Amino acid sequence: MNFHRWLEGFGVRVRHFREGRSFHTRPANIVYGGRTLKRLWARDTQRAETLIRCIQVADARCFDDYTMLAIWHFIGAHAAQEPADELTRAFGSINLSRIVTRGHRLAKGRYGRMGKVAEKISSLLADALIPEEEAA
């Protein structure tokens with residue numbers, strides 16, 4: 001199956017990377033570049049589909065590389081056996097844009113980097129979605 005046609009089925013469009021916008025002016029359901037999502041799609045189509053639905057439910061402006069990788073890792077580590085509908089419902093209850101913004105701020109300190117942005121976002125997602133008594 002063609003990657004672009006697959007994305008069209010979700011209402012997601014790919015734009016050239018140079019057309020990218022800042023987070024606050026970014027339109028919904030737009031992926032700039034698409035390279036990361038295409039690689040994830042090639043690895044596991046079903047997990048990539050769940051990833052797209054989770055982002056669309058939480059905040060459809062969050063189709064950036066860091067967020068997609070963070071959700072991909074979160075699904076693999078904490079929700080690999082969960083039904084996609086339940087996971088999508090859980091993502092609908094969080095403020096993804098706030099988590100992404102906080103992850104960026106935590107990773108990029110005032111005086112230098114503290115770590116990888118996707119890892120910070122993944123940890124914040126786990127904190128928001130997994131009750132403390134259920135965490136491994």
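For the structure given in this document, a descriptive report is provided here. (Residues numbered from 1 in each chain as written. Predicted model: local features only at pLDDT ≥ 70, side-chain atom pairs only at ≥ 80, totals over all residues. Heavy atoms only, no water.)

1. Let's talk about the nonpolar core
With 40 residues, the main nonpolar core has Phe 91, Leu 96 and Leu 125 as its most contacted residues. Among the secondary structure elements, those contributing two or more residues to this core are helix 1 (3–8), helix 2 (35–43), helix 3 (45–58), helix 4 (65–78), helix 5 (84–91), helix 6 (96–107) and helix 7 (117–129). Of the residues forming this core, the biggest block, seven residues, is contributed by helix 7. Excluding anything up to four places from it in sequence, Phe 91 contacts Cys 54, Val 57, Ala 58, Ile 71, Phe 74, Leu 125 and Leu 129. (Core = buried A, V, L, I, M, F, W, Y, C linked by side-chain atoms within 4.5 Å. Buried < 20%, exposed > 50% of the residue type's maximum accessible area, 1.4 Å probe, protein only. Helix = DSSP H or I, 4+ residues; strand = E, 2+ residues; numbered from the N terminus. Contact = heavy atoms within 4.5 Å.)

2. Focus: the side chain of Asp 64
Relative to the helices and strands, Asp 64 is located in the loop between helix 3 and helix 4. Buried charge without a salt bridge: Asp 64, with Arg 26 as the nearest opposite-charge side chain at an N-O distance of 4.6 Å. In terms of polar contacts, Asp 64 uses its side chain to reach the side chain of Thr 67, at 2.6 Å. (Lys, Arg positive; Asp, Glu negative; His and termini not counted. Salt bridge = Lys/Arg side-chain N within 4 Å of Asp/Glu carboxyl O. Polar contact = N/O pair within 3.5 Å; in protein donor to acceptor, adjacent residues only side chain to side chain.)

3. Quick notes on helix 6
In this model helix 6 runs 16 Å from its N-terminal to its C-terminal C-alpha over twelve residues, within 8% of the 16 Å that 1.5 Å per residue would give. Every buried residue belonging to helix 6 is among Leu 96, Ser 97, Ile 99, Val 100, Gly 103 and Ala 107, and all of these are buried. Relative to the axis of helix 6, the buried residues are bounded by an arc of 160° and lie together on one face. In helix 6, the exposed positions that point more than 90 degrees away from the buried face belong to Arg 98 and Arg 105. Where helix 6 is buried, its residues touch helix 3, helix 4, strand 3 (108–109), strand 4 (112–113) and helix 7. (Expected span 1.5 Å × (residues − 1). Arc of directions from axis to C-beta.)

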